[in-house]
Amino acid sequence: LKEKRREIVPQIHKSQVDAYRKGRVFTRRSLGIKLSEIFRQATAEQAIDFLAQKLLADTYTQALINVSEFKSGKNLQLTDIRKVFDGLFSLNPSSANKNAVENYGVGLGLTSNQNSLVFNPGHCKVFEILRQQLNQHQDRITRNQLEKLLVGSPHGLTRDLLSLYLLCFVHYSNPRAELELSPE
C-alpha cells in the first residue's frame, strides 16, 4: 500500500499542477473558482480578498455575523472586540470604543440600525442559539460545548467573539443567565 501511494501521490500532484497551468483551481468541495476571475482583480491584494471571500463563504455556511453590516470596511480584530464591549457597557466610553460599537455593533447583532450605539440584541442570532442550547441542556451548558458548536465551521465565530457574546448574553438577562467559573 505504501509503494502504491508513492506512485499515486506524484501523479496526482502532476495532474493538479497541469490543471492549474490551464486555469483551474482545486478546492475541497469543488467550488469551481476560475483563475480568470481571480486575476481579473486590479491588485494582488484584491485577488487574494476575492479568493478568501469565496473560500470563507463556502466554509462558514451558517454565519452568525453579517460582515456586510460592518461600517468600517475593515476586518474585526481582537482589539475591536474589546472596544465594542467597553463601548457598550462602560459608563463613559471613549470615542474609539463608541466608534467600534457604531462600526461593528449592527453586524454583530448587538445593536440595531435605528440606534447603532445602544445595546439591543433583540435579533442576535448567537443569542437565539444560546437560548436553544440552554433549553436543550436543562439551563446548564459548558463553554466547551458552546465552542464545539459555534467556533469555527459552519458558524465562524472565534473564541474571543464567543466570550463577547457570552458576556453580553449575561448582561441582557433574557432569560436570566449566569457564568460559572469552573476548572473545566
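Residues numbered from 1 in each chain as written. Predicted model: local features only at pLDDT ≥ 70, side-chain atom pairs only at ≥ 80, totals over all residues. Heavy atoms only, no water.

*Asks:* I'd love a proper account of the overall build of the chain, names of residues and values included.
*Replies:* Each helix and strand counted, the chain has 8 helices and 0 strands in total. Of the regular secondary structure in the chain, the N- to C-terminal order runs α-α-α-α-α-α-α-α. Relative to a compact globule of 184 residues, whose C-alpha radius of gyration would be 16 Å, the chain shows 21 Å and is clearly more extended. The principal-axis extents of the C-alpha atoms in the chain amount to approximately 65 × 45 × 25 Å. For the chain, the residues scored as buried account for 28% of the 184 residues in total. Residue pairs at least 24 apart in sequence account for 49% of intrachain contacts in the chain once pairs closer than 6 positions are excluded. Total accessible area computed for the chain in this model is approximately 13,100 Å², and 50% of it derives from carbon and sulfur atoms. A distance of 7 Å separates the average location of the 25 positive side-chain charges in the chain from that of its 18 negative side-chain charges. (Helix = DSSP H or I, 4+ residues; strand = E, 2+ residues; numbered from the N terminus. Rg over C-alpha atoms; globule rule 2.2 N^0.38 Å. Buried < 20%, exposed > 50% of the residue type's maximum accessible area, 1.4 Å probe, protein only. Contact = heavy atoms within 4.5 Å. Areas by Shrake-Rupley, 256 points an atom, 1.4 Å probe, with all protein chains shown as cover. Lys, Arg positive; Asp, Glu negative; His and termini not counted. Charge placed at Lys NZ, Arg CZ, Asp CG, Glu CD.)

*Asks:* Now, about the side chain of H155: what can you tell me, with residues and values included?
*Replies:* Take H155: it is sitting in the loop between α7 (143-150) and α8 (159-172). Within the local environment of H155, its side chain forms a polar contact with the backbone oxygen of Q62, the two atoms lying 2.9 Å apart. For H155, the residues in contact, after removing those within four places along its chain, are Y60, Q62, A63, L64, I129, L149 and L150. (Polar contact = N/O pair within 3.5 Å; in protein donor to acceptor, adjacent residues only side chain to side chain.)

*Asks:* Explain helix α5 (residues 95-108) to me, and be specific about the residues and the numbers.
*Replies:* A rise of 1.5 Å per residue sets the reference length of α5, with its 14 residues, at 20 Å; its end C-alpha atoms lie 19 Å apart and thus fit the reference within 8%. The largest bend along α5 measures about 35° and falls at E102. Along α5, the positions that sit buried rather than exposed are N97, A100, V101, Y104, G105, V106, G107 and L108. (Expected span 1.5 Å × (residues − 1). Bend = angle between axes of the 7 residues up to and from the residue.)

*Asks:* Would you mind going over the environment of Y104 in detail, with residue names and values included?
*Replies:* Relative to the elements of secondary structure, Y104 occurs in helix α5. Through-space distance from the C-alpha of Y104 to that of V84 is 7.5 Å; in sequence the pair is 20 residues apart.

*Asks:* Quick rundown of the pattern of salt bridges? Include the residues and the values.
*Replies:* Going through the model one piece at a time under the given rule, you end up with 2 salt bridges. Among the salt bridges present, the one from E147 reaches R159, with a minimum N-O distance of 3.2 Å. Here E147, found in helix α7, pairs with R159, found in helix α8; they are 12 residues apart in sequence, far enough to count as distant. According to the relative accessible area criterion, E147 is buried, its value standing at 15%. Within this structure, R143, E147 and R159 form a network of salt bridges that share partners. (Salt bridge = Lys/Arg side-chain N within 4 Å of Asp/Glu carboxyl O.)

*Asks:* Which residues make up the nonpolar core, and what values do they have?
*Replies:* Counting 29 residues, the largest nonpolar core has V84, L108, L110, F127 and Y165 as its most contacted members. Of the residues forming this core, the biggest block, 7 residues, is contributed by α8. Ignoring sequence-local partners within four residues, the contact set of L108 consists of I65, F70, L76, V84, C124, L161, L164 and Y165. I33, L35, A47 and F50 belong to the second largest nonpolar core, which has 5 residues in total. (Core = buried A, V, L, I, M, F, W, Y, C linked by side-chain atoms within 4.5 Å.)

*Asks:* Break down the side chain of T111 for me, citing the residues and quoting the values.
*Replies:* Mapped onto the secondary structure, T111 falls in the loop between α5 and α6 (125-136). In this structure the side chain of T111 is engaged in a polar contact, spanning 3.0 Å, whose partner is the backbone nitrogen of V106. Non-local contacts of T111, meaning those with residues more than four positions away in its chain, are made with L88, V101, G105, V106, S116, L117, V118, F119 and N120.

Functional significance is not addressed by these values, which are geometric in nature.
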